Amino acid sequence: VQLQASGGGLVQAGGSLRLSCAASGRILRINDMGWYRQAPGKQRELVAGITASGTTNYADFVKGRFTISREDAKNTVYLQMNSLKPEDTGVYYCNAEVTTAWLHATHWGQGTQVTVSS
């Protein structure tokens, strides 16, 4: 199973970006999916998560600005980021709990850089 994240880039404060993360491989089912981020010198932290039934949860620092969604037909999770702030800068990672014919495990994408200039 592989997760491929995309959509990062450089944006001015107040701008928007949309991240995508597509899972590929012999997937039977994807359960929880999520986005994390890691700023320089800091630990990786949860940004948002979404369950298989569509229940979402958000870190307090993104509530009202970011929206997580998923498209199961494409094994893809999205993160719409609006009203971006310089403190949102970091590498954004997606993850997914994936069931295959042999294994149930959490997989991570390679990360996509988001830089917000002031």
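Everything below is about the structure printed above this text.
Scope of this entry: the structure provided in the associated data block. Computed from a prediction, not measured in an experiment: that's the story for all the values here.

What counts and how
Residues numbered from 1 in each chain as written. Predicted model: local features only at pLDDT ≥ 70, side-chain atom pairs only at ≥ 80, totals over all residues. Heavy atoms only, no water. Salt bridge = Lys/Arg side-chain N within 4 Å of Asp/Glu carboxyl O. Buried < 20%, exposed > 50% of the residue type's maximum accessible area, 1.4 Å probe, protein only. Pairing = 2+ DSSP bridges. Helix = DSSP H or I, 4+ residues; strand = E, 2+ residues; numbered from the N terminus. Axes fitted to C-alpha atoms, helices over the stretch in contact; angles between N-to-C directions. Polar contact = N/O pair within 3.5 Å; in protein donor to acceptor, adjacent residues only side chain to side chain. Contact = heavy atoms within 4.5 Å.

What follows deals with the pattern of salt bridges. Counted under the stated rule, the structure contains 6 salt bridges. One salt bridge connects Arg37 with Glu45, and the closest N-O pair in it is separated by 3.0 Å. One salt bridge in this structure joins Lys74 and Glu71, with 3.9 Å as the shortest N-O distance. You can call Lys74 exposed: its relative accessible area is 51%.

Taken together, 4 strands build an open sheet; the order of strands is E1-E3-E8-E7 and the sheet is antiparallel. Lying at the two open borders of the sheet, with one neighbouring strand each, are strand E1 (2-6) and strand E7 (66-71). In this sheet, neighbouring strand axes are inclined to one another by 15° on average, regardless of whether the strands run parallel or antiparallel. Inspection of the sheet shows E7 paired to strand E8 (residues 76-81) by 6 bridges, in the antiparallel sense. Within E8, the position partnered with Thr67 by the bridge is Gln80.

The subject of this paragraph is the side chain of Asp88. Within the secondary structure layout, Asp88 lies in the loop between E8 and strand E9 (90-99). Polar contacts involving the side chain of Asp88 include one to the side chain of Arg37, which spans 2.8 Å. The contacts of Asp88, once residues within four sequence positions are left out, are Arg37, Arg65, Phe66, Ser83, Val114 and Val116.

In short, shape yes, function no, at least from these values alone.
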